[in-house]
Amino acid sequence: MRHTVLVMATLAIYAVSAADAWCRTDTQAPPPVRPDQRPPAEPGMIPLTVAEIKRLFSAATTRTSSLEHTAHWSAWRRRHQACARWFHRRAHLATAYTQLS
């Protein structure tokens, strides 16, 4: 029972940290408004998620991986997810435009 309570408390701390960091770490480009719009030069990064904060905290508190490598990988992943999200939204616009035609 004690282990369950500790895990739930830890996840609550991660969730509060993610909610607190949401505005400061959300640097995504504005969503597309036309299906033929060119992608932005810099897609930005998605905000920190609970899972990402858990990975970063784990890397900072253990000796198994390099913190610099984990931070670099985290930034790359968040940038890639922002780019994928932008293209996903543009694809939905294209689908909506073809359904209206």
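Thresholds, definitions, all that
- Residues numbered from 1 in each chain as written.
- Predicted model: local features only at pLDDT ≥ 70, side-chain atom pairs only at ≥ 80, totals over all residues.
- Heavy atoms only, no water.
- Core = buried A, V, L, I, M, F, W, Y, C linked by side-chain atoms within 4.5 Å.
- Buried < 20%, exposed > 50% of the residue type's maximum accessible area, 1.4 Å probe, protein only.
- Helix = DSSP H or I, 4+ residues; strand = E, 2+ residues; numbered from the N terminus.
- Contact = heavy atoms within 4.5 Å.
- Expected span 1.5 Å × (residues − 1).
- Bend = angle between axes of the 7 residues up to and from the residue.
- Phe/Tyr/Trp six-rings, centres within 6.5 Å; stacked < 30°, edge-to-face > 60°.
- Polar contact = N/O pair within 3.5 Å; in protein donor to acceptor, adjacent residues only side chain to side chain.
- Arc of directions from axis to C-beta.

**Comments concerning the nonpolar core**
And step 1. Ranked by size, the top nonpolar core spans five residues in total: Tyr14, Ala18, Ala21, Leu48 and Ile53.
And step 2. A per-element tally of this core places helix H1 (residues 2-25) first, with three residues.
And step 3. Those residues within four positions of Ile53 in sequence are excluded, and the remaining contacts are Tyr14, Ser17, Ala18 and Leu48.

**A look at H1**
And step 1. Here H1 spans 33 Å end to end across 24 residues, near enough to the 34 Å set by a 1.5 Å rise per residue.
And step 2. At Ala19, H1 shows its largest bend, some 25°.
And step 3. Residues of H1 that are buried: Tyr14, Ala18, Ala21 and Thr25.

**Observations regarding the packing of aromatic side chains**
A ring pair, where both rings are aromatic, is described by two values, the distance of the centres and the angle of the planes.
And step 1. Taken as a whole and assessed by the stated rule, the structure comprises three aromatic pairs.
And step 2. Note on Trp73 and Trp76: the rings are 5.1 Å apart at their centroids and 15° apart in plane angle, and the pair reads as stacked. Of the two residues, Trp73 and Trp76 are both situated in helix H3 (residues 67-100); the distance of three residues between them amounts to about one turn of the helix.
And step 3. Relative accessible area serves as the criterion here: at 42%, Trp73 is assigned to the partly exposed category.

**A look at the side chain of Glu52**
And step 1. Turning to its location among the elements, Glu52 is positioned in helix H2 (residues 50-61).
And step 2. Accessibility expressed as a relative area gives 3% for Glu52, which makes it buried.
And step 3. Among the polar contacts listed, one links the side chain of Glu52 to the side chain of Arg55, at a separation of 2.9 Å.
And step 4. In this structure the side chain of Glu52 is engaged in a polar contact, spanning 2.6 Å, whose partner is the side chain of Ser74.

**Concerning H2**
A turn of α-helix holds 3.6 residues, and therefore any two residues three or four places apart point the same way.
And step 1. The end-to-end C-alpha separation of H2 is 16 Å, in line with the 16 Å expected for 12 residues at 1.5 Å each.
And step 2. Within the span of H2, buried status applies to Glu52, Ile53 and Ala59. Down the axis of H2, the sector holding all buried residues measures 130°, keeping them to one side.

**A short note on the environment of Ala82**
And step 1. Among the secondary structure elements, Ala82 is positioned in helix H3.
And step 2. Its relative accessible area of 4% is what places Ala82 among the buried residues.
And step 3. Between the C-alpha atoms of Ala82 and Ile46, which are 36 residues apart in sequence, the distance is 5.3 Å.
And step 4. Beyond its immediate chain neighbours, meaning those up to four positions away, Ala82 contacts Gln28, Pro43, Gly44, Met45 and Ile46.

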